[in-house]
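# An overview of the molecular structure
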Number of protein chains: 2
Amino acid sequence: MTDAVRPAWIAVDWGTSNLRAWAMAANGRVLAEASSEDGMGKLDRDGFEPALLRLIGAWLSGSPPVVACGMVGSRQGWCEAPYRTVPCPPLDLSAQVSAPAADPRLRVLIAPGLKQAQPADVMRGEETQIAGALRLMGDYDGILCLPGTHSKWVHISAGEVVSFQTYMTGEMFALLSEASVLRHGMQGAAGWDDAAFDAAVLDALSRPERLAARLFSLRAEGLIAGLAPGSARARLSGLLIGTELAAARPYWLGQKVTLIGAEKLSAAYARALAAQGVDAMRLSATDCTLAGLAALSPQTEAAG
Amino acid sequence: MTDAVRPAWIAVDWGTSNLRAWAMAANGRVLAEASSEDGMGKLDRDGFEPALLRLIGAWLSGSPPVVACGMVGSRQGWCEAPYRTVPCPPLDLSAQVSAPAADPRLRVLIAPGLKQAQPADVMRGEETQIAGALRLMGDYDGILCLPGTHSKWVHISAGEVVSFQTYMTGEMFALLSEASVLRHGMQGAAGWDDAAFDAAVLDALSRPERLAARLFSLRAEGLIAGLAPGSARARLSGLLIGTELAAARPYWLGQKVTLIGAEKLSAAYARALAAQGVDAMRLSATDCTLAGLAALSPQTEAAG
């Protein structure tokens, strides 16, 4: 038998596809963690509380506060936490929304996302990672890049999100590599090909308008020139990241850049940026999420 | 009771998703037509003959020749018809491949596709439409554009395909509008918005490198600015077609252009090209397919 977990508070990152939770000590240490595939996209409004109880029910004996971010606060989520408008600090304690819960042990606060009027853009979840990054780095003026399904480039100044821009790079990679005709040339791609990635990034940066043509050539080279699946996959990644970098050039050219993301994906972005002379710092996405949620928790508020 | 159909030959267009057949008179008149969803992608090698017999069995009493084009001739098809290499005429009677058939009434010839070594590219099915277009128009030097799932731009000179370039525009539109996060803002899109289409084409042509950012703004404007589903759909189409036109500029700038495709899609391309000062001619894809297959049929060979 393990001892019961008695957290001071519980951190929850609830996205479209996944639900992740951490039992936290008041000093910021992680006592336990758990995850499930009960993402927002699979639940209707009545499904949120049971999904959360399944995951963290064993941690609730002390009725610790639960601090959540992500799509759980969208209009289709548990309880809408209306977007705040940039420019503004990434988080605001007073803007959190209490989710309705039947279980008396549950006290759930949801962080709102951010919106930008022009050019229109939105984020949910990343604002918490941004707040965490600013806590972890102390004062930071510069650019944050959060690669992922919907990559974000964010301009930070004086503790505020000044502007941001979202790219569908990760979702395009998933659709093209798994659901398009290109999947035939990428099946069983165990390896990775750094040279193919590097060349594709440069190619996309110098001629970004050719993306739509470059994509089909991956299929054609597989059919008539024996392009290896691992090379095809690395080249697709390079083409898409390079195209994103071409469009995001005003964000990174001559700027201080910090990457917040999963390790392998951040490494790919760092490599592509290094080839352009940008030496990006890197932070773990999970570390940033926990630091951001800690800033929102009533139990660690003083530490923020 | 209708009279039995006794064609001189049978035309077959057999793609990844669909199988279409026409019972043809020697003079080129269509006596009957039929189609099914027995596309190449759903069949294994043993499934082709039964699928064809289900569709055209009633037309076979005179054992007319069957002339086919499309993915049926790919390596995963009924019988591989190896690619011919450009520059070359779009079709070659002597390069057709006989498909093995158990039914003694079946005599099936499959047209090979075309490949280009550098930049690597391939086509299967379009070569027959190209041959048909050249027959319908007589001498034609200039550019053919075949919009579709995988749009092709083709340079024709002296009856030969000199070079070509494929764009995944149609497949990207299908994936993004039906399988990505953008689908949420396009559901129930009954209307179309010409102004949104036109503006998106111009936007993509002038800043093609921004495509990846423009895409997510469709979602964001749906969430925070009430973008209508019909406008979002038209803008997605305009962004993708405009990006294709930006990359294909060397093909159409100052050139004679003829569009071969489905009516609505060709109209969208014609509208986008007209805004760039290119007055494109238009041919029906089906007319071109039938004219191309007729050139391959032993029963109409003299007419070719």
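Numbers given to residues run from 1 along each chain, matching the order in which its sequence is written. Just so you know, chain letters begin at A and ligand numbers begin at 1, following the order they were written in. Whole-chain, interface and lining totals are the exception, using all residues; otherwise, since this is a predicted model, local features are given only for residues with pLDDT of at least 70 and side-chain atom pairs are given and counted only at 80 or more.

### So, unusual backbone geometry
Of the consecutive residues Gln118(A) and Pro119(A), the connecting peptide bond is found in the cis state with omega at -5 degrees. Tracing the backbone through its elements, the reader meets Pro119(A) in the loop between β8 (114–116) and β9 (121–123). For Ser63(A), which is not glycine, the phi torsion reads 50 degrees and is therefore positive. Comment: elements are numbered from the N terminus, with helices defined as DSSP H or I runs of at least four residues and strands as E runs of at least two. Following the sequence through the fold, Ser63(A) ends up in the loop between α1 (48–56) and β4 (65–69). Labels follow a simple rule on C-beta atoms placed from the backbone: if 20 or more others lie within 10 Å of a residue's own, it is buried; if 12 or fewer, it is exposed; otherwise it is partly exposed. Of the residues examined, Ser63(A) has 11 C-beta atoms within 10 Å and is grouped as exposed. Phi is positive for Ala158(B), close to 50 degrees, though the residue is something other than glycine.

### Comments concerning the pairing of strand β12 (residues 160–167) of chain B
Here a strand pair is declared whenever DSSP counts at least two bridges between the two strands. Taken together, the seven bridges between strand β11 (residues 151–157) of chain B and β12(B) define a ladder with antiparallel strand orientation. Pairing of Trp153(B) across the sheet is with Gln165(B), part of β12(B).

### Digging into the domain arrangement of chain A
Buried accessible area, meaning the area lost when the parts come together, often serves as the stated size of an interface. Residue and element names in this part refer to chain A. Under the domain assignment, chain A is made up of domain 1 (9–138 + 286–303) and domain 2 (167–284). The source of the domain bounds is an automatic or database domain assignment. Relative to domain 2, the C-alpha centre of domain 1 lies at a distance of 31 Å. Of all the elements in the fold, those that place two or more residues in the side of domain 1 that touches domain 2 are α2 (126–137) and α9 (285–296). Ten residue types, Ala, Val, Leu, Ile, Met, Phe, Trp, Tyr, Cys and Pro, are classed as nonpolar, four, Asp, Glu, Lys and Arg, as charged, and the remainder, Gly among them, as polar. Among the residues making up the side of domain 1 that touches domain 2, the classes are represented as three nonpolar, two polar and one charged.

### Things to note about the relation of the copies chain A and chain B
Here the copies are matched by least squares. The fit uses the C-alpha atoms of residues with pLDDT of at least 70 in both. When chain A is fitted to chain B, the best match, at an RMSD of 0.0 Å, comes from turning it 180 degrees and sliding it 0.0 Å along the axis. The superposition of one copy onto the other is thereby described by a two-fold rotation axis. Relative to the rotation axis, the C-alpha of Glu209(A) is the closest in chain A, positioned 2.7 Å from it.

### Focus on the sheet that holds strand β12 (residues 160–167) of chain A
Residues and elements named next belong to chain A. Spatially, the five strands line up as an open sheet ordered β12-β11-β10-β13-β14, and their pairing is mixed. Every other strand in the sheet has two partners, leaving β12 and β14 (281–284) as the edge strands with one partner each. For this sheet, the mean angle separating the axes of adjacent strands, direction not counted, is 20 degrees. For strand β13 (residues 257–261) and β14, the ladder comprises four bridges, and the chain directions are parallel. Residue pairing in the sheet places Ile 260 in a bridge with Leu 283 of β14. Sitting on the sheet, α9 is in contact with β13 and β14, with an inclination near 65 degrees to β14. Angular values range over 0 to 180 degrees, each being the angle between N-to-C directions of two axes fitted as lines to C-alpha atoms, with helices fitted over their stretch in contact. A pair of residues counts as a contact when their C-beta atoms, built from backbone coordinates, are separated by no more than 7 Å.

### Some thoughts on the sheet that holds strand β5 (residues 84–85) of chain B
Taking strand neighbours across the sheet as the criterion, the three strands line up as β5-β8-β9 (chain B) in an open arrangement whose pairing is mixed. Sheet topology places β5 and β9 (121–123) of chain B at the edges, where each strand pairs with a single neighbour. For strand β8 (residues 114–116) of chain B and β9(B), the ladder comprises three bridges, and the chain directions are antiparallel. Bridging from a neighbouring strand, Leu114(B) pairs with Met123(B) of β9(B). Lying over the sheet, helix α5 (residues 211–224) of chain A contacts β8 and β9 of chain B, oriented at roughly 85 degrees with respect to β9(B).

### What about helix α6 (residues 229–247) of chain B?
Every helix has an expected span of 1.5 Å times one less than the residues it contains. The first and last C-alpha atoms of α6(B) sit 27 Å apart over 19 residues, in line with the 27 Å expected at 1.5 Å per residue. Among the 19 residues of α6(B), 17 are classified as buried, and the element is accordingly described as predominantly covered.

### Some points on the pairing of strand β3 (residues 30–36) of chain A
Within a regular beta strand, the side chains point alternately toward one face of the sheet and then the other, so they alternate between its two faces. Residue and element names in this part refer to chain A. Inspection of the sheet shows strand β2 (residues 19–24) paired to β3 by six bridges, in the antiparallel sense. Note on β3: the bridge partner recorded for Ala 21 is Ala 34. Where β2 hands over to β3, the hairpin turn is made up of five residues, of which Gly 28 adopts a positive phi near 95 degrees.

### Remarks on helix α8 (residues 263–274) of chain A
Residues and elements named next belong to chain A. With twelve residues, α8 should cover 16 Å at 1.5 Å per step; its first-to-last C-alpha distance of 16 Å lies within 8% of that length. Within the span of α8, buried status applies to Ser 266, Ala 268, Tyr 269, Ala 270 and Ala 272. Those residues of α8 that are buried are in contact with β10 (142–146), α4 (194–206), α6 (229–247), β13 and β14.

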